[in-house]
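Listed below are the residues making up each chain.
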Amino acid sequence: MSDVFDVIVIGAGPAGENVVGRVTRGGLTAAIVEQELAGGECAYWACVPSKALLRPMELVAETGRMPGLKLGPIDVAAVLARRDETVSGYDDSGQIRWIESVNGTPFRGKGRLAGPRQVEVTDGDGGKRLLTARHAVVLATGSTAAIPPVPGLANAQPWTNREATGVKDVPERLVVLGGGVVACEMSQALHALGAKETTLVVRGDRLLGRVEPFASEMVTESLREYGIDVRFNTTIQKVSRPVPGGEVTVDLSDGSRIVADEILVAAGRNLASFDVGLGSIGLAQEGPVAVDDSMRATAVEDGWLYAVGDVNGRNILTHMGKYQARLCGDVIVARATGGKEDLPSMRDRSDIIGAPQVIFTDPNVCAVGRTEERARREGFNVRSVEYDLGAVEGAYLLGDGYKGRAKAVVDEDRRVLLGVTFVGPGAAELLHAATIAVTAEVTLDDLWHAVPTFPTVSEIWLRLLEEYGL
């Protein structure tokens, strides 16, 4: 096996795999190095298994809103078995076959930079191999769950997203630390699967701090209606677990104490840049790897180092890492073959304007572009309009008691959308239309002629435009 490749990718998650797919399509050779499972965090411990656990809860809620229909208790064993199926039983042989099918060469081991265009691979037995790149090395190492420095927490065998999505026995009593996406999604999923006493401990005064405030309020209301104890402006002071696998005692800043079976820490992510050998090329060994809009590392001369996905700090979302990887791969091919490297598709725009995101709680939170607060902070002449999503005929037909809301943030000077947020059961499928409108900067006057079908929930577009005054 040759040790010289056109491109070497460190990290075989979704972003790394997409780089390999694009550069080999362009005729270059590529190696990809992975120390865990090819397919990465999203495929085995995050996006995919979490949605497998959330879907039953969503279906129970959906059928419960329709008179004449009702689902019985969730068969937890069947749900967990399907979760195992969605992650291929934590077997990445299928992903390895895909890499090989596009003419990529996989290496199993720890990949670290060992100098300009060089990557050292250390396998599980300690054996080392040095790979050399003719054109580019791409860091796609992702991120890892952060464990805050709370006394006793690290020694209390805390769960992260990995243990939560890979749960084998659902605890009856669960404490969740955090107020972001993982905290909200997994507290709701595990509560529905049997964690009847679930307490969500939130340091700030709201959930989901990066979305519109009304979305945070609606999710908070839903969690509490489910029976989840949400505590704001509260921190964990001390954690103790004297017996491994035994009860966890959690002391809170409000003076209360909670005894639980497990504690889930969902308090953010650490970018996986610390142990990738950045020091060997004179760069700081922690924090995001700064890149330009083509994903090329700005601090490296000769332009041979790139970083895609979480590790560059632009956006910790799987679909955004894949997007960055596609344009990065195309740029590498163009530079290696003398092609055009300044095409519109080769520069990151989506991270700048506001990436699309769905939070799969009940209700779904779906957003793209800028929030109203961000748009005003950035100096836009802003006008916002909102509408009750449940008042749309298509939503009413989905069941009694459908609750939702939509908001559009408009740049008044250009009459284009700066951001759109939908909150409601099953609202995720509304988002891509908004993503197209925001990304393409479609004017409101043109949107007025995009007629939504009746009776569908997508008629919300007509109602928002009417609310605006069209």
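Residues numbered from 1 in each chain as written. Predicted model: local features only at pLDDT ≥ 70, side-chain atom pairs only at ≥ 80, totals over all residues. Heavy atoms only, no water.

Can you break down unusual backbone geometry residue by residue, with the values?
In this structure, the amide linkage connecting D362 to the following residue, P363, adopts the cis form with an omega of 10°. With respect to the helices and strands, P363 occurs in the loop between β17 (357-359) and β18 (364-369). A cis amide bond links F454 to the next residue, P455, at an omega of -5°. One can find P455 in the loop between α14 (444-447) and α15 (460-468). Residues other than glycine seldom take positive phi values, yet R117 does so here, at roughly 60°. As for its placement among the helices and strands, R117 is situated in the loop between β4 (110-115) and β5 (118-122). Of the residues examined, R117 reaches a relative accessible area of 26% and is grouped as partly exposed. For D302, which is not glycine, the phi dihedral falls at a positive 70°. Along the chain, D302 turns up in the loop between β15 (269-271) and β16 (305-307). Judged by its relative accessible area of 66%, D302 is exposed. (Helix = DSSP H or I, 4+ residues; strand = E, 2+ residues; numbered from the N terminus. Buried < 20%, exposed > 50% of the residue type's maximum accessible area, 1.4 Å probe, protein only.)

Could you give an account of the layout of surface pockets, naming the residues involved and the relevant values?
Unoccupied space between atoms shows up once a probe the size of one water molecule is rolled over them. Taken as a whole, the second largest pocket holds about 380 Å³ of empty space. Contributing to the lining of the second largest pocket are 18 residues, with R55, E58, N364, G426 and A427 lying nearest its centre. For the lining of the second largest pocket, a count of residues per class yields nine nonpolar, two polar and seven charged. Mapping the lining of the second largest pocket onto the domain boundaries places at least three of its residues in each of domain 1 (3-142 + 272-350) and domain 3 (363-468). (1 Å grid on protein atoms, 1.4 Å probe; cavity = no way out; pocket = protein on both sides within 12 Å on 5 of 7 lines; lining within 4 Å. Points joined across faces, edges and corners; volume = space filled by probe spheres on them. Nonpolar A, V, L, I, M, F, W, Y, C, P; charged D, E, K, R; others polar. Domains from an automatic or database assignment.)

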